[in-house]
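# Survey of secondary and tertiary structure
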Amino acid sequence: MGYADPRRFRRPVALGTDGIGGNMLEEFRLAYALHRSVEVTATPETAWRWLETGWDLVPEAREDRVTWSYEPMDPWHIAFTPGIRPRRVEVGGEVVLEDGRPTRVDAAEVRAKAREQAARLHARL
């Protein structure tokens, strides 16, 4: 949570999330906007490099294939286009998202179980 002002770090900076939402394109957009708020000459390419650093941490992800809801997928377009979503995702050759829906789990079932557990937790609070 928060903004660490990556300009002060000498080591490579990687973007990430705490799991809430887990939308790395949105993290990129926010990183660019926050960077721009403290450095008026900042460009989306800097935040994009921070995003790409993730591939150094998890190099096998370079082989994953994503079909997006928007073209072209370049830093300048993405920085100013909210709502871009993956339509199809292949991980290790397996399609794990098709037409924006997971293929390995029943999303409605997962949401239903999460609702049950949330109600159970809140009842105990």
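Going by the structure above, here's the rest.
Described in the following lines is the structure provided in the data block. What you see is a predicted model; the values in this text were computed from it and never measured. (Residues numbered from 1 in each chain as written. Predicted model: local features only at pLDDT ≥ 70, side-chain atom pairs only at ≥ 80, totals over all residues. Heavy atoms only, no water.)

What the protein chain contains, in helices and strands, is four helices and four strands. Counting helices and strands in the order they occur from the N terminus, the protein chain gives α-α-β-α-β-β-β-α. Rg of the C-alpha trace for the protein chain: 17 Å, well past the compact-globule value of 14 Å for 125 residues, more than 25% over. C-alpha atoms of the protein chain, sized along the principal axes, occupy 50 × 40 × 25 Å. Counting all 125 residues of the protein chain, 18% fall into the buried class. In the protein chain, once contacts between residues fewer than 6 apart in sequence are set aside, the share between residues at least 24 apart is 42%. Total accessible area on the protein chain is roughly 9,400 Å²; 54% of this is exposed by carbon and sulfur atoms. When the 19 basic and 20 acidic side-chain charges of the protein chain are each reduced to a single mean position, those positions are 5 Å apart. (Helix = DSSP H or I, 4+ residues; strand = E, 2+ residues; numbered from the N terminus. Rg over C-alpha atoms; globule rule 2.2 N^0.38 Å. Buried < 20%, exposed > 50% of the residue type's maximum accessible area, 1.4 Å probe, protein only. Contact = heavy atoms within 4.5 Å. Areas by Shrake-Rupley, 256 points an atom, 1.4 Å probe, with all protein chains shown as cover. Lys, Arg positive; Asp, Glu negative; His and termini not counted. Charge placed at Lys NZ, Arg CZ, Asp CG, Glu CD.)

A few words now on the pattern of salt bridges. Following the criterion strictly, the structure yields six salt bridges and no others. A salt bridge links Arg62 to Asp56; its shortest N-O distance comes to 3.4 Å. Among the residues examined, Arg62 registers a relative accessible area of 40% and is labelled partly exposed. In this structure, Arg88 and Glu90 form a salt bridge, with 3.3 Å as the shortest nitrogen-oxygen distance. (Salt bridge = Lys/Arg side-chain N within 4 Å of Asp/Glu carboxyl O.)

Quick look at the nonpolar core now. Judged by nonpolar contacts, Val13, Leu25, Phe28, Ala31, Tyr32, Ala47, Trp48, Trp50, Leu51, Ile78, Ala79 and Ile84 together constitute the single largest core of 12 residues. Broken down by secondary-structure element, the contributors of at least two residues to this core are helix H1 (24–38), helix H2 (44–57) and helix H3 (75–79). Setting aside its immediate chain neighbours within four residues, Tyr32 contacts Ala42, Thr43, Pro44, Ala47, Ala79 and Phe80. (Core = buried A, V, L, I, M, F, W, Y, C linked by side-chain atoms within 4.5 Å.)

Moving on to H2. Because each turn of an α-helix spans 3.6 residues, side chains separated by three or four positions end up pointing in the same direction. Taking 1.5 Å of rise per residue, 14 residues should cover 20 Å, and H2 covers 21 Å from first to last C-alpha, within 8% of that figure. Where H2 is concerned, the buried positions are Pro44, Thr46, Ala47, Trp48, Trp50, Leu51 and Thr53. (Expected span 1.5 Å × (residues − 1).)

Treat this as a map of the structure, not an account of what it does.
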